[in-house]
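These are the residues of each chain, in order.
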Amino acid sequence: MSSCIICGSSADGRVCELHEEDVVFEFRGDHPNQLTPNRYYRGTVDGYAEFGIFVDIGDSITGLLHKSELDQRLDSIDLEPGDEVFVQVQNVRDNGNIDLGWSIRQSRSDFRGALVDDPDGEETVISDDTSGEEPVTHTPSESTAQTQTEPTDEASDSASDEESAETAESTEAPAESQASEADEEATAESQAAESATVDRLEDLVGDRVRLEGEVVNARQTSGPTIFELRDETGTVECAAFEEAGVRAYPEVDEGDIVRIEGHVERRRGELQVETEALVILEDEERTEVTERMEEALLERARPQTLEPLAADEAVESTLDEIRDTAAAIRRAVIEGRPVVVRHADTADGYVGATAIERATLPLIREHHQQADAEYHYFDRRPLEGSVYDMNDATKDVTSMLSNQDRHGENLPLFVFVAAGGTEESLDGFDLLDVYDVRRAVVDEREIDSGVAAAVDVLVNPVSETTATALAANVAAHVNPDRQGDIGHLPAVSFWENAPDNYLELAAEAGYDDLDVARLREAVTLEAHYQSYEDKRELIIDLLFAEEAEDPMRLATHISEQFRKRMDTAIETAMANLTERELNGETVLVLDTDAYTHRYEFPPKPLLLDELYRRNRDSATALLGVDRDEAYIRTDADIDVRELIERASTHAPGAGLDARGAREGRVEFLSGERDPAQEALLQALADELSAAAV
């Protein structure tokens, strides 16, 4: 038996079971089986793969740190081959492969001790200096220090005597004298600190600064306590060390207005203030800083007064709301509040949301020092359809509360693009409202009355356009520097009859009419696959490839696949269409359950859109009937909810439901499929007759 180098208790090795995670090991073996699972080891980056990072443990052993173990995206990791990292050995497989986990402690000093793991010898203590005679320690107590250095009894007694004498001598000094010396030292340090703002820290690395602002996040690591400070110019992380894993300044909470003094350092490529003093401001000082920050925040969040990207009556009718939405996004970025864009899984939803993404990401990089800030502070999440239901809201609330608890993130701003405009989304909005989460909706179609009262900002025009045309104008106000970058996007969102003004904008950006069509088709195809993923990088490559040697190469390739799959599906559908004459109107009917593939491209709503476009000259409406739902397509001005209500009188047992009515989708019980179809056809004929009159 020996003593633990951390706490001094009896242990089988040099560290007790309780403190195994507080010690890092230097591996001196030559075989994977000599590694001890669950221990933390020092390693060096060997290289990258699509699925993770290879890390060398010792001289001849390499393990895989899978990307799922990282707390940020693989492509945002700022590590080069040879860089030092600290990892946990999770598993050694029978074939010798080593599964590694990421350690949140990425500095030797964050651990409370270090040992050599030598399979052929003893576990020896590693020192911070080159002599190798003393252990690495952040000595938490006298007993720990004595245990770690393992003195002889005689030496221990001598040291205790000397220590007692020093303590007695120290306590004999007058308290007033000690306080005076401390005050003088604090005053000297304060005078040496330069008053600064976060936006100036880049030029003050190595200097001692004084910052004032709000603590927007406080989290405890296994080493220091990290306070995220926001002032009127940006945010920065401030590290305060009391003792490894011990909360520094426990009286400081999120929302406190504080003054921090410390040295500006660069840690792993990011700016950080090594906190030496932290004071909570009260009364007049707090009020002064708060008012200064609020005034500056409002000024910085207020967008410039811009004209619409192109002449568009719909955009002009809601320009004030567009600016309000842009201001809400800009303020969220400044406050360190994530922006979550929820959008329909359509070309219009994807392209409109991507316009906002394109404008917001540069602002995030400008205001936040972390290398991976754009992945923490912006998220684009596609919806299935345009309804934000309880399933979606529950997923979002679970995610945001987890991020708040685990990473100290602020609650996000939600922006809905081509989604959330109908009453079916109200339950989801109500759940967000419980947590006082701000919500903005950008939608081109008529909004249900309850939605306007359920959101904070609503962009909804009085005349026809697309959600992308609205969202692109929001994006231009969020970041005017991106106007030229997003000018072609509105044209991409129109399936037919794109306004000349938007086509001209696209032409100015280098995209002709055929290019615009190919971009739309390519985005639509990719929206179908991995439908719940944002596919950020792929969508960017499609829509913003101006600098590529052949900017349209990717879009053209994917567009060809779109056209091939669509034409095949249309050919099958055309061969199986039936005609029904109702009240003098021709209605086409397709059994989508029998004559489409359930999980293949194109999805049924998209197929029926294209099928109706190709047959509208000969038919007034199209009804696609699936196993337990139907889809209505027509140019006539009909109210689908009223149609469903009318149909329910003809088939009361079919369970006809208007959920998804905005997309022309009707749900019913699969066992009542035939009565539901006939009832819908009869009601559709009545609605068409009424609309004609």
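Quantities reported herein were computed from a predicted structural model and do not represent experimental measurements.

How each quantity is defined
- Residues numbered from 1 in each chain as written.
- Predicted model: local features only at pLDDT ≥ 70, side-chain atom pairs only at ≥ 80, totals over all residues.
- Heavy atoms only, no water.
- Buried < 20%, exposed > 50% of the residue type's maximum accessible area, 1.4 Å probe, protein only.
- Helix = DSSP H or I, 4+ residues; strand = E, 2+ residues; numbered from the N terminus.
- Arc of directions from axis to C-beta.
- Polar contact = N/O pair within 3.5 Å; in protein donor to acceptor, adjacent residues only side chain to side chain.
- Core = buried A, V, L, I, M, F, W, Y, C linked by side-chain atoms within 4.5 Å.
- Contact = heavy atoms within 4.5 Å.
- Expected span 1.5 Å × (residues − 1).
- Phe/Tyr/Trp six-rings, centres within 6.5 Å; stacked < 30°, edge-to-face > 60°.
- Lys NZ or Arg CZ within 6 Å of the ring centre and 35° of its normal.
- Patch = residues over 30% accessible without salt bridge, like charges linked within 9 Å, V, L, I, M, F, W, Y side chains within 5 Å.
- Areas by Shrake-Rupley, 256 points an atom, 1.4 Å probe, with all protein chains shown as cover.
- Salt bridge = Lys/Arg side-chain N within 4 Å of Asp/Glu carboxyl O.
- Lys, Arg positive; Asp, Glu negative; His and termini not counted.
- Charge placed at Lys NZ, Arg CZ, Asp CG, Glu CD.
- Pairing = 2+ DSSP bridges.
- pLDDT = per-residue confidence, 0-100.

Q: Which residues make up helix H21 (residues 640-650), and what are the values?
A: Of all the residues in H21, the buried ones are Val640, Leu643, Ile644 and Ala647. The arc that holds the buried residues of H21, viewed along the axis, is 95°, so those residues lie on one side. Away from its buried face by more than 90 degrees, H21 exposes Glu645 and Thr649. Two or three places before Arg641, at the opening of H21, Asp639 has a side-chain oxygen 2.9 Å from that residue's backbone nitrogen.

Q: Outline the nonpolar core, listing residues and values.
A: Judged by nonpolar contacts, the single largest core of 83 residues is most densely connected at Ile356 and Val415. Not counting residues within four places of it along the chain, the set of residues in contact with Val415 comprises Ile329, Val339, Val340, Val341, Arg342, Ile356, Ala440 and Val442. Listed in part, the 29 residues of the second largest apolar core include Ile6, Val45, Ile53 and Val125.

Q: Give me the lowdown on helix H18 (residues 553-575), citing residues and values where you can.
A: Residues spaced three or four apart along an α-helix point in a common direction, a consequence of the helix completing one turn every 3.6 residues. Here H18 contains 23 residues, and its C-alpha end-to-end distance of 34 Å stays within 8% of the 33 Å for a straight helix at 1.5 Å per residue. For H18, the set of buried residues is Ala555, Thr556, Ile558, Ser559, Phe562, Met566, Ala569, Ile570 and Ala573. Close packing links the buried residues of H18 with helix H16 (513-528), helix H17 (536-543), strand E23 (585-591) and helix H20 (604-615).

Q: I'd like a rundown of the packing of aromatic side chains, residues and numbers included.
A: Counted by the stated rule, this structure contains 12 aromatic pairs. Seen from their ring centres, Phe27 and Tyr41 are 6.0 Å apart, and the 90° between their planes marks the pair as edge-to-face. In this pair, Phe27 sits in strand E3 (residues 23-27) while Tyr41 sits in strand E4 (residues 40-49), placing the two residues 14 residues apart along the sequence. Of the residues examined, Phe27 reaches a relative accessible area of 4% and is grouped as buried. Relative to Phe111, the ring of Phe86 has its centre 5.5 Å away and its plane inclined at 45°; by these criteria the two rings are tilted. Note that Phe86 is positioned in strand E7 (residues 84-92) and Phe111 in the loop between strand E8 (98-102) and strand E9 (113-117), a separation of 25 residues in sequence. Across the pair, Phe111 and Phe86 agree in class, each one buried. Feature note: the residues Tyr388, Phe414, Phe416 and Phe429 constitute an aromatic cluster, connected by ring pairs. For Arg39, the ring lying beneath its charged end belongs to Phe25, and the centroid distance is 4.0 Å. Lying over the aromatic face of Tyr532, Lys395 brings its terminal NZ or CZ to 4.8 Å of the ring centre.

Q: Tell me what's going on with the environment of Ala573, and back it up with residues and numbers.
A: Secondary-structure assignment places Ala573 in helix H18. In this structure the C-alpha to C-alpha distance between Ala573 and Leu611, which are 38 residues apart in sequence, comes to 7.9 Å. With residues near it in sequence (within four places) discarded, Ala573 still touches Leu590 and Leu611.

Q: With reference to specific residues and values, describe a negative patch on the surface.
A: On the surface, Glu282, Asp283, Glu284, Glu288, Glu291 and Glu295 cluster together into a patch of negative charge. Note that Glu288 resides in helix H4 (residues 283-301).

Q: Can you explain the pairing of E7? Please cite residues and give values.
A: Sheet analysis places E4 next to E7, joined by five bridges and oriented antiparallel. Note on E7: the bridge partner recorded for Tyr40 is Gln88.

Q: How would you sum up the confidence of the model for the protein? Please name residues and give values.
A: Residue-level pLDDT values for the protein average 86, and 90% of them are 70 or greater. Counting interchain partners and residues more than four positions distant, the pLDDT-below-50 stretch residues 128-191 has 53 contacts.

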